[in-house]
Amino acid sequence: LLVVMRPFMQPIWAAWGSHSPGCTPGFIWARQIETETEWFRAFFTGNGASIERFFSLDAHNRVGTVVEIGTDASPWGLGGWLAVDGNIVEYFTSPISELDVAKYGFAIGDNAGQQVWEALAILVAVDRWTAHWNRQRIILKVKGDNVSALVLLIKMRPKTGADGSPKLAIIARELALRLVSLSFPPDAEHTPGV
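Here's what I pulled together on the structure shown here. Predicted model, so just to flag it, every value in this text is computed and none were measured. (Residues numbered from 1 in each chain as written. Predicted model: local features only at pLDDT ≥ 70, side-chain atom pairs only at ≥ 80, totals over all residues. Heavy atoms only, no water.)

Turning our attention to the overall build of the chain. Assigned secondary structure in the chain consists of eight helices and five strands. In the chain, the order of α-helices and β-strands from amino to carboxyl end is α-α-α-β-β-β-α-α-α-β-α-α-β. In the chain, which comprises 194 residues, the share counted as buried stands at 42%. Put simply, 67% of the contacts in the chain that link residues at least 6 apart link residues at least 24 apart. (Helix = DSSP H or I, 4+ residues; strand = E, 2+ residues; numbered from the N terminus. Buried < 20%, exposed > 50% of the residue type's maximum accessible area, 1.4 Å probe, protein only. Contact = heavy atoms within 4.5 Å.)

Next comes the structure, spelled out in structure tokens:
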């Protein structure tokens, strides 16, 4: 539970660690963490999982259905495939839309948004295929050629910096809401490029 809550906590820690003008020391303004409290409300009221967690011995021993997701992205589009026990059963392709541009601030064709598009491809795939593990305990493997997106998936915390990390934080929060029902975090596997 703590791993999937990490992307919700980072802005709260930042607010606690800084002094707010006009605020009594040791306190913060509610509006500083208003967005995060909305995320927590969604997390604990049905958009996330219940607080009760089950950890089966089979899941710990890595026994069960192996569900693999492979993703890739470019500055023009996203794509992914789903394999169950080694057989590809579904795939998706999606162009970068004007809504994506408005939300994430990178133009179509601009490679500056590559990290965001790679992480978004993972989010779209996880969102699209969540039903494959909501019914049973599975071993989830996510494959991709972008190390930063895979690290985001595992750690649920984007790197700080000017590389779109506030946008990546949004994707990390969405991923957390979708992956909280898993007993164990997904495996991330890097697919090396040419």
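Now that the structure is up, let's keep going.
This part is about the pattern of salt bridges. Overall, the coordinates contain three salt bridges when judged by the stated rule. Among the ionic pairs, Glu36 bridges to Arg173, the shortest N-O distance being 3.3 Å. On the criterion of sequence distance, the pair formed by Glu36 in helix α2 (residues 34-44) and Arg173 in helix α8 (residues 165-179) is long-range, its members being 137 residues apart. A salt bridge links Glu189 to Lys143; its shortest N-O distance comes to 3.7 Å. Of the two residues, Glu189 sits in strand β5 (residues 187-190) while Lys143 sits in strand β4 (residues 138-144), which places them 46 residues apart along the sequence. Residue classification places Lys143 among the buried positions, given a relative accessible area of 17%. Through salt bridges that share partners, Glu68, Lys143 and Glu189 make up one connected network. (Salt bridge = Lys/Arg side-chain N within 4 Å of Asp/Glu carboxyl O.)

In this section: the sheet that holds strand β1 (residues 65-74). Taken together, five strands build an open sheet; the order of strands is β3-β2-β1-β4-β5 and the sheet is mixed. What marks the edges here is a single partner per strand, and that holds for β3 (87-95) and β5. When the angles between neighbouring strand axes are averaged without regard to direction, this sheet yields 20 degrees. Here β1 pairs with β4 via six bridges, running parallel. Within β4, the residue paired with Thr65 across the bridge is Ile138. Along the sheet face, helix α5 (residues 114-129) touches β1, β2 (77-84), β3 and β4 and points at about 145 degrees away from the line of β1. (Pairing = 2+ DSSP bridges. Axes fitted to C-alpha atoms, helices over the stretch in contact; angles between N-to-C directions.)

Quick look at the environment of Gln114 now. Within the fold, Gln114 resides in helix α5. Not counting the four nearest positions on each side in its chain, Gln114 is found in contact with Ala73, Ser74 and Pro75. A polar atom in the side chain of Gln114 sits 2.9 Å from the backbone oxygen of Ala73. (Polar contact = N/O pair within 3.5 Å; in protein donor to acceptor, adjacent residues only side chain to side chain.)

Across a regular strand the side chains alternate sides, sitting on one face of the sheet and then on the other. Where burial is concerned, most of β4 is hidden: six out of the seven residues are buried. In this sheet, β5 lies alongside β4 in parallel orientation, the contact comprising four bridges. From the neighbouring strand, Lys141 faces β5, where its bridge partner is Asp187.

Residues separated by three or four positions in an α-helix point in the same direction, a consequence of the helix having 3.6 residues per turn. Its 15 residues give α8 an end-to-end C-alpha distance of 20 Å, which sits within 8% of 21 Å, the value for a rise of 1.5 Å per residue. The complete set of buried residues in α8 reads Ser165, Leu168, Ala169, Ile171, Ala172, Arg173, Leu175, Ala176, Leu177 and Leu179. (Expected span 1.5 Å × (residues − 1).)

Moving on, we come to the nonpolar core. Counting 44 residues, the largest nonpolar core has Ile69, Leu78, Trp117, Ile122, Ile171 and Leu175 as the members making the most contacts within it. In terms of residues, this core owes the most to one element, α5, which gives 10 residues. When neighbours within four sequence positions are excluded, Ile122 is seen to be in contact with Thr71, Val142, Ala149, Leu150, Leu153 and Leu175. (Core = buried A, V, L, I, M, F, W, Y, C linked by side-chain atoms within 4.5 Å.)

Before going further, it helps to spend a moment on the packing of α5 against helix α7 (residues 147-155). Following both chains from N to C, one finds α5 and α7 inclined at 50 degrees, their axes separated by 8 Å at the closest point. Taken together, the axes of α5 and α7 are oblique relative to one another. Crossing handedness for the pair α5 and α7: right-handed. Contacts between α5 and α7 involve Gln115, Glu118, Ala119 and Ile122 on the former and, on the latter, Ser148, Ala149, Leu150, Leu152 and Leu153. (Parallel < 35°, antiparallel > 145°, perpendicular 65-115°, else oblique. Left-handed = near helix turned anticlockwise from the far one by under 90°.)

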